[in-house]
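Take a look at the letters that make up each chain.
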Amino acid sequence: MMILLILFLLNGCKEKSLNKYLDFNDLFSVKDTLKGVILEKTSSQDSAKYSSFLYSPNGLIVDVGLENEAFFMLDTLTGGKIASGGLIGRGHNEILSIISFDYNSATNKLFVWDIYQKKIHSFDVSKDKILKVARSIDVKEKSNLYRLKVISDSLFIALSFCPDQTIGLISNNGTFISKLPYKVIENNNINYTTKYFNTQIAVSPKKDYIVAVDFMFPSIKLYSIKDNKILPKWGKMVFKPLYNIENGWVKINNDQPFGFLDVFMTKKFIYVSSLGLKCGDWRENKNENSTYTYLLKFDYNGKFINSYILDHYIQVFEFGSDGKTIYGLCGDNKIFKYSITD
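As the structure is a computational prediction, the values presented were derived from the model and not from experiment.

Enquirer: Just checking my understanding: could you explain the packing of aromatic side chains for this structure?
Expert: Aromatic rings in a pair are described by how distant their centres are and how their planes are angled relative to each other. Counted by the stated rule, this structure contains 24 aromatic pairs. Here Phe215 and Trp282 contribute two aromatic rings whose centre-to-centre distance is 5.2 Å and whose plane-to-plane angle is 90°, an arrangement assigned as edge-to-face. Here Phe215 is found in the loop between strand S18 (209–214) and strand S19 (219–226), whereas its partner Trp282 is found in helix H3 (residues 279–283), with 67 residues between them in sequence. Through successive ring pairs, a cluster of aromatic residues spans Phe24, Phe28, Phe239, Tyr292 and Tyr294. Directly above the ring of Tyr192 sits Lys183, whose terminal nitrogen or CZ lies 4.6 Å from the centroid. Stacked on the ring of Phe197, the Lys or Arg Lys195 has its end atom at 4.7 Å from the ring centre.

Enquirer: Teacher, can you tell me more about the environment of Tyr50 here?
Expert: Here Tyr50 is to be found in the loop between strand S3 (37–38) and strand S4 (52–56). A relative accessible area of 2% means that Tyr50 is categorised as buried. In the structure, Tyr50 is positioned 280 residues away from Cys330 in sequence and 8.8 Å away in space, judged by C-alpha atoms.

Enquirer: What should I look at first to understand the sheet that holds strand S17 (residues 199–203) in this one?
Expert: Sheets are built from strands that pair by backbone hydrogen bonding, the pairs being arranged parallel or antiparallel. Read across the sheet, 5 strands follow the order S1-S20-S19-S18-S17 without closing on themselves; strand pairing throughout is mixed. For this open sheet the edge positions go to strand S1 (16–17) and S17, each flanked by a neighbour on one side alone. In this structure, S1 lies alongside strand S20 (residues 229–237), joined through 2 bridges in parallel fashion. By the bridge assignment, Ser17 is partnered in S20 with Gly235.

Enquirer: Before we go on, may I ask you to explain the nonpolar core in this structure?
Expert: Nonpolar side chains tend to gather and get buried jointly when the protein is soluble and globular. Counting residues in hydrophobic clusters, the biggest one holds 31 residues, and the most contacted among them are Ile167, Tyr182, Ile185, Ile210 and Phe217. Residue contributions to this core peak at 3 residues, all from strand S14 (residues 155–160). The contact partners of Tyr182, leaving out residues within four places of it in the chain, are Leu159, Gln165, Thr166, Ile167, Phe197, Thr199, Ala212, Lys221 and Tyr223. Grouped together as the second largest cluster of nonpolar side chains are 22 residues, Phe260, Ile270, Leu296 and Ile309 included.

Enquirer: Would you mind going over the pattern of salt bridges with me for this structure?
Expert: Pairs may arise between side chains of opposite charge once their charged atoms sit close together. Tallying each qualifying case throughout the model produces 7 salt bridges. Taken together, the salt bridges that share partners define one network made up of Asp281, Glu284 and Lys286.

About the criteria used
- Residues numbered from 1 in each chain as written.
- Predicted model: local features only at pLDDT ≥ 70, side-chain atom pairs only at ≥ 80, totals over all residues.
- Heavy atoms only, no water.
- Phe/Tyr/Trp six-rings, centres within 6.5 Å; stacked < 30°, edge-to-face > 60°.
- Helix = DSSP H or I, 4+ residues; strand = E, 2+ residues; numbered from the N terminus.
- Lys NZ or Arg CZ within 6 Å of the ring centre and 35° of its normal.
- Buried < 20%, exposed > 50% of the residue type's maximum accessible area, 1.4 Å probe, protein only.
- Pairing = 2+ DSSP bridges.
- Core = buried A, V, L, I, M, F, W, Y, C linked by side-chain atoms within 4.5 Å.
- Contact = heavy atoms within 4.5 Å.
- Salt bridge = Lys/Arg side-chain N within 4 Å of Asp/Glu carboxyl O.

The following block contains the structure:
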């Protein structure tokens, strides 16, 4: 009886595979196009390059990386700049790099991972200010972090670089308190000391689930957070992957469906964005001619629900607090707003 119980517990900690592949051509034959409305002032603000952004109740917080203005906050109706903050440099209360950042709406704090200083900086955000908080968190892990998401002001989800790429929970003492190996492909022939997967992560509104999607492989993985532990729930390849492994390196076939640009979790669903291309198309830079983006919708069990077309090439997207408004950032600083039924 004890052996059966141990086996049950071990199986419960394993990631479930949901590999029932979808048909690439069928999924991207969707005609349901969502029309975006531009935030007008984003088309004329050329003083900075918008690298990434996120939604806050006070406005859209945009990473611009200027020396005296690391972040802009934009009005959600017009796109006009209503606040800015953050200094780039080596001085007191300055940051050297913005690799990843996230917002805690419960405390109105912005957290920034600075890979060069190996610190998590924090900012207080109000309607008209983004102010650096003096205290920061020193990250003591040897491997550098790549993505950062907020669970609370003292607990974060982080995805690390190689070697041995890891996803896990980092506390305010700067170390992982729970972590798992992050492997899009489970294959012992891959040299994981040098391989890492270019991945985006998102956290559910209740902070009890994390989803990870890959850039080159059509992979989605879901994890749960419970009692300060991260546990695997399921993983799936949306489309059949096509690759070979040579001398520990992954060689992707040109016919393999491309992965996902970005991901977001609402209360009920997981949304991922895609250009509907194959890896060969990406290598030939066909993405540069894209004038639209697909948005794929899954439930928390990994079941495919629906797909939509956004009428612009959206590189990064965020949902508003209503779960129905989507903000999409294009490469030319333009931000469009869409409406969707969640």
